[in-house]
Amino acid sequence: MKFKAGVAGLTAVVMAALAGCGNQAATGSEGTGRVTPASTAPANTVPPSTAPAKENARLPSAELQGRWWTWAASEPEATNPVADTDGRACGRNQPHDVWFLAGTFGGQVERACEVPSGRPIAAPVVNTFGDRQDCAAFMGMAQGTVLLDGKVVEPETYEGDSITVQGVQGNPLTGEEGRVTATGCGLWVQLPPLDSGKHSLKIRGRSGDFSTGVDYALTVAASAA
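Because the structure is a prediction, the values reported are computed rather than measured.

Draft legend 1. Fine view of the packing of aromatic side chains. One pass over the full model with this rule turns up six aromatic pairs. A centroid spacing of 4.5 Å and a plane angle of 85 degrees characterise the contact between Trp69 and Phe129, whose relative ring orientation is edge-to-face. Of this pair, Trp69 sits in helix α1 (residues 61-72) while Phe129 sits in strand β5 (residues 121-130); the two residues are 60 residues apart in sequence, bridging distant segments of the chain. One exposure class covers both Trp69 and Phe129, and it is buried. Between Tyr158 and Trp188, the ring centres sit 6.4 Å apart and the planes meet at 25 degrees, which makes this aromatic pair stacked. In this pair, Tyr158 sits in strand β8 (residues 156-167) while Trp188 sits in strand β9 (residues 178-191), placing the two residues 30 residues apart along the sequence. Assessed through its relative accessible area of 0%, Trp188 is described here as buried. A network of ring pairs unites the aromatic residues Trp68, Trp69, Trp71, Phe100, Phe129, Tyr158 and Trp188 as a single cluster.

Quick look at the structure:
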């Protein structure tokens, strides 16, 4: 399912497989999953961390989800990593301390992506944001699998965290420029930095009648001498 709508009409935005600040809470009548704009501040890029990536570094679930959704909303549809069909948008607006991978708006794609050496990888298997009722319903049906170089990686379950998402005008997630606050939830994987060379990452996710999948052909750069 490809989502296109303004913030005022946002129901549970379903995303998948594979930052923010603000204090305005998500609001809306029961079952609508609407989120309320917190500001109209521009968000052209995801603010990079000034600290280098750390071996086996992990992000707390709320920070991971807020930052990932902001990254995913940092590009209009034509260059958006979630709408990407082959991996050419994989490197857009990546932060300095983690490498985000995107899912799809429904359906399955294959992407080739180059990843810097020493960078941890984080990706949703299947995820959404909305209100707490949306997340409870979504997570009650959420399931997914991840294979890294043919080996099973068990997804982590994030039941629901308060997050702030900042998007640019025309992004296909919120549809508008500015910030929204909501509850984020989903199945996720956080991987330590991979060895240099080629890797296969296969992600499949489902919740209810929504399903998604990405086959990533990852090439990790050689370490600097």
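Next, the rest of the story.
Draft legend 2. Focus on the environment of Trp188. When the C-alpha positions of Trp188 and Val125 are compared, they lie 5.3 Å apart, and in sequence the two are 63 residues distant. Those residues in contact with Trp188 that sit more than four places away from it in its chain are Leu64, Gln65, Trp68, Ala123, Pro124, Val125, Asn127, Pro155, Glu156 and Tyr158.

Draft legend 3. Representation of the environment of Gln143 within the structure. Relative to the helices and strands, Gln143 resides in strand β6 (residues 143-148). Taking the C-alpha atoms as reference points, Gln143 and Arg206, separated by 63 residues in sequence, lie 5.4 Å from one another. Once residues lying within four places of it in the same chain are set aside, the contact partners of Gln143 are Val126, Leu187, Arg204, Gly205 and Arg206.

Draft legend 4. View of α1. Along its 12 residues, α1 runs 16 Å from first to last C-alpha, staying within 8% of the 16 Å computed at 1.5 Å per residue. For α1, the tally of buried residues reaches nine of 12 residues, placing the bulk of the element in the interior. For α1, the set of buried residues is Leu64, Gln65, Gly66, Arg67, Trp68, Trp69, Thr70, Trp71 and Ala72.

What counts and how
- Residues numbered from 1 in each chain as written.
- Predicted model: local features only at pLDDT ≥ 70, side-chain atom pairs only at ≥ 80, totals over all residues.
- Heavy atoms only, no water.
- Phe/Tyr/Trp six-rings, centres within 6.5 Å; stacked < 30°, edge-to-face > 60°.
- Helix = DSSP H or I, 4+ residues; strand = E, 2+ residues; numbered from the N terminus.
- Buried < 20%, exposed > 50% of the residue type's maximum accessible area, 1.4 Å probe, protein only.
- Contact = heavy atoms within 4.5 Å.
- Expected span 1.5 Å × (residues − 1).

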